[in-house]
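# Analysis of the macromolecular model
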Amino acid sequence: MPDKDCNLDGLCYNFGDAKGGSQVNTSRFLKACRGEPHDQVPVWFMRQAGRYQPSYRALRTRYTMLELARSPRLIADVTVEAVRMLDVDAAILFSDIMIPLDGLGIRYDIRENVGPIVESPLRRPADIHGMPPFQSDRLEFVYEGVALSVEKLAGVPLIGFAGAPFTLASYLVEGGPSRTYQETKALMWNHPGAFYALMERLCAMVVEHCANQVKAGAAAIQLFDSWVGALSQEDYRTLILPHMRKIFEALKPLGVPLIYFGIGTQHLIAEMARSGATVLGLDWRTALSQARGVVGPSIALMGNLDPQCLLAGPVAVQAGVTAILDAMARDDAYIFNLGHGVPKETDPTVLQKVAAWVHQYPKPG
Ligand code: 1CP
């Protein structure tokens, strides 16, 4: 790996040496991300660490979400416990897409049953142009949490992550969760220069934050663009995709799988597949076999059981899992997951069973 990679104007980082053992590199999760043959379909779940877990709820009686996510020891405990409980093939770092905003000096809170709330939303171009530069040294607790988790995971690969710029911008501009993205779209259409500047600032943050997680031992990176499906194909192609391409281009020299996930993105998958991501995560609305036809053989697919299926009883969940495996198990570039996060009402034993069924499903050779 080159010591220093300067492939884009303004995105120039000294990546140094990535940690991550050879044991990790032979894992079926990483093999599937790379489209290499492996023994069983790999599985992990978005939000596998969270409120459905009794151990997490117990911790939350003593700490806020942000206290947990700012303590390296607690980050590692929560990250590793999900893998231990579920016997999944990958861990995802316990953190949140809002956390790197600490490095931009943005003040926010994460409210129970609501989500992120930003103290002073960025509504005017002046708010954006006045943002201070990203300081990743304010996020050492994340990178220490990565290193501690990797140590405890003993060979199970850890996925580091960040929010993608549009999804982050939606919280920064709206000030909290939104159904319409009214303010974000207004900024995008009425002040394209300021929107572009915001996306560029977030791109630089995302690249540095992800590179630091890989340096600390993360074996893959996922970018969550949860809300990008709210955009038209044309707006995505012209206003978002160029930024995504820069991010993935800058992360490519790290040599780890780059997963790109969004919700309601049926109309965008052909464009998302051109972003430079090596794995595409899909929600339940898109049939994986159809997506394979659209994106071609050289990108891995991840997904996409409807999370509500976990709450619908044993017959529905077994049928849902089996239908996906019947369609995808012979595809070497496929990772089982949900189409979005685990609902907080989920019975943990249902998730344990899903992981076991995926592993037991005979993988045609
Ligand atoms: O304990 C609590 O009250 C907090 C609940 C919670 C948790 C467990 C939030 C608030 N974030 C998290 C952790 C989290 N968030 C993880 C790590 C755990 C894991 O996946 O196992 C990850 C990867 C995220 C990513 C995240 N945060 C996304 C992208 C994925 C997605 O769900 O679409 C988004 C959009 C957020 C914002 C956020 N943080 C929390 C909530 C409830 C939300 C969504 C709010 C909304 O609907 O707009």
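Everything quoted here is computed from the prediction, not taken from an experiment. (Residues numbered from 1 in each chain as written. Predicted model: local features only at pLDDT ≥ 70, side-chain atom pairs only at ≥ 80, totals over all residues. Heavy atoms only, no water.)

### Points about the packing of helix 5 (residues 72–86) against helix 7 (residues 140–153)
Rule in force here: Angles shown run from 0 to 180 degrees and are taken between the N-to-C directions of axes, each axis being a line fitted to C-alpha atoms and, for helices, limited to the stretch in contact. Secondary structure follows DSSP: runs of H or I at least 4 residues long count as helices, runs of E at least 2 residues long count as strands, and numbering of each begins at the N terminus. For classification, angles of less than 35 degrees are called roughly parallel, those exceeding 145 degrees roughly antiparallel, those between 65 and 115 degrees roughly perpendicular, and all remaining angles oblique. Take the far helix as the reference: if the near one is turned anticlockwise from it by less than a right angle, the crossing is left-handed, and if turned clockwise, right-handed. Whether two residues are in contact is decided by their heavy atoms: any pair within 4.5 Å suffices. Each residue is assigned to one of three groups, with Ala, Val, Leu, Ile, Met, Phe, Trp, Tyr, Cys and Pro labelled nonpolar, Asp, Glu, Lys and Arg labelled charged, and all others, Gly among them, labelled polar.
Look at helix 5 against helix 7: their axes get within 8 Å of each other, and the N-to-C directions meet at 40°. Taken together, the axes of helix 5 and helix 7 lie oblique to each other. The element helix 5 and its partner helix 7 pack so that their crossing is right-handed. Seen from helix 5, the contacting residues are Pro72, Arg73, Ile75, Ala76, Asp77, Thr79, Val80 and Val83; seen from helix 7, they are Phe141, Val142, Glu144, Gly145, Leu148, Ser149, Lys152 and Leu153. When the residues that make up the contact of helix 5 with helix 7 are grouped by side-chain class, the tally is nine nonpolar, three polar and four charged.

### Description of the sheet that holds strand 3 (residues 91–92)
Rule in force here: Strands were regarded as paired on the criterion that DSSP finds at least two bridges between them.
Strand order across the open sheet formed by seven strands is 3-6-7-8-9-10-11, with parallel pairing between neighbours. Two strands bound the open sheet, and with one partner strand each, they are strand 3 and strand 11 (334–338). Pairing between strand 9 (residues 279–281) and strand 10 (residues 300–305): three bridges, direction parallel. Bridge pairing links Leu280 to Leu301 in strand 10.

### A closer look at the confidence of the model for the chain
Spelled out, the test is: pLDDT runs from 0 to 100 and stands for how confident the predictor is about each residue.
Averaged over every residue, the pLDDT of the chain is 93; the share at 70 or more is 93%. Scored below 50 in pLDDT, residues 1–20 makes 45 contacts in the model with residues more than four places away or belonging to other chains.

### Observations concerning the site of the ligand
Heads up, the rule is: Residues are classed as near a molecule or strand on a simple rule: at least one heavy atom within 4 Å of it. In protein, a polar contact means a hydrogen-donor-capable atom and an acceptor-capable atom, both N or O and within 3.5 Å, with residues adjacent in sequence counting only if both atoms are side-chain atoms; elsewhere, any N or O pair within 3.5 Å suffices. To be clear on the numbers: accessible area is Shrake-Rupley with a 1.4 Å probe, and residue cover counts the displayed protein chains and nothing else. A 1.4 Å probe that fits but cannot get out identifies a cavity on a 1 Å grid over protein atoms alone, an open set with protein on both sides within 12 Å along at least five of seven lines counts as a pocket, and a residue lines either if it has an atom within 4 Å of a point. Should more than half of a molecule's atoms lie within 2 Å of a pocket's or cavity's grid points, that molecule is taken to sit in it.
Residues in contact with the ligand amount to 25 residues; listed here are only the nearest, Tyr56, Arg60, Tyr171, Ser226 and His340. In this structure, an oxygen atom belonging to the ligand sits 2.9 Å away from a main-chain N or O atom of Arg47. Between the ligand and Ser226, the relevant distance is 2.6 Å, taken from an oxygen atom to a side-chain nitrogen or oxygen of the residue. Coverage of the ligand by the protein amounts to 88% of the 890 Å² it exposes when considered alone. Taking a 2 Å distance to the grid points as the criterion, the majority of the atoms of the ligand fall inside the largest pocket. Taken together, the elements giving at least two residues each to the shell around the ligand come down to helix 3 (54–60) and strand 5 (115–118). Tallied by class, residues from the shell around the ligand come to 15 nonpolar, six polar and four charged.

### A short note on the packing of helix 8 (residues 165–174) against helix 9 (residues 182–190)
How two helices sit against one another is set out by the angle between their axes and by the gap between those axes. With their axes 8 Å apart at the nearest point, helix 8 and helix 9 run at an angle of 105° to one another. The pairing of helix 8 with helix 9 is recorded here as roughly perpendicular in orientation. On the side of helix 8, the interface is formed by Phe166, Ala169, Ser170, Val173 and Glu174, while helix 9 contributes Gln182, Glu183, Thr184 and Leu187. Of the residues that constitute the contact of helix 8 with helix 9, the class distribution is four nonpolar, three polar and two charged.

### Examining helix 9
Cut-off, in case you're wondering: Each residue is assigned to one of three classes by its accessible area relative to the maximum for its type, calculated with a 1.4 Å probe on protein chains only: buried under 20%, partly exposed between the two thresholds, exposed over 50%. The arc in question is the one spanned by the directions pointing from the helix axis to the C-beta atoms.
For helix 9, the complete set of buried residues consists of Thr184, Lys185, Leu187 and Met188. The buried residues of helix 9 occupy an angular sector of 160° when projected down its axis, which confines them to one face. Turned more than 90 degrees away from the buried face of helix 9, the exposed residues are Gln182, Trp189 and Asn190. Looking at the buried side of helix 9, the elements it contacts are helix 6 (125–129), helix 8, helix 10 (192–215) and helix 11 (233–251).

### Let's talk about the environment of Thr79
Mapping Thr79 onto the fold places it in helix 5. When its relative accessible area of 0% is taken as the criterion, Thr79 is described as buried. Along the backbone, Thr79 and Leu258 are 179 residues apart, and their C-alpha atoms lie at a distance of 20 Å. Filtering out sequence-adjacent residues up to four positions away, Thr79 remains in contact with Ala91, Ile92, Leu93, Phe94, Ser149 and Leu158. Within the local environment of Thr79, its side chain forms a polar contact with the backbone oxygen of Ile75, the two atoms lying 2.7 Å apart.

### Overview of the nonpolar core
Burial of nonpolar side chains together is a common tendency in soluble globular proteins. The test is simple: What is meant by a nonpolar core is a set of buried Ala, Val, Leu, Ile, Met, Phe, Trp, Tyr and Cys residues, joined one to another through side-chain atoms within 4.5 Å.
By size, the foremost hydrophobic cluster in this structure holds 136 residues, and its most contacted members are Phe29, Trp44, Phe45, Leu198, Leu223, Tyr260 and Phe336. The greatest single-element share of this core, amounting to 13 residues, is contributed by helix 10.

### Points about the layout of surface pockets
In this approach the atoms are scanned with a rolling probe the size of a water molecule, which exposes any empty space left behind. Rule in force here: Grid points are joined across faces, edges and corners, and a volume is the space filled by probe spheres set on the points.
Volume-wise, the largest pocket comes out at about 1,600 Å³. Along the wall of the largest pocket there are 45 residues; nearest its centre are Arg47, Asp96, Val114, Gly115 and His340. Listing elements by their share of the lining of the largest pocket, those giving two or more residues are helix 3, strand 4 (108–111), strand 5 and helix 8. Taken together, the residues of the lining of the largest pocket sort by class into 23 nonpolar, 12 polar and 10 charged.

### With respect to the packing of aromatic side chains
Applied cut-off: Stacked, edge-to-face and tilted are the three classes for Phe, Tyr and Trp ring pairs, Trp counted by its six-membered ring, which pair at centre distances within 6.5 Å; planes under 30 degrees apart are stacked, over 60 edge-to-face, the rest tilted.
Under the definition given, this model contains five aromatic pairs. Connected via pairs of aromatic rings, a cluster forms that spans Phe161, Phe224 and Phe261.

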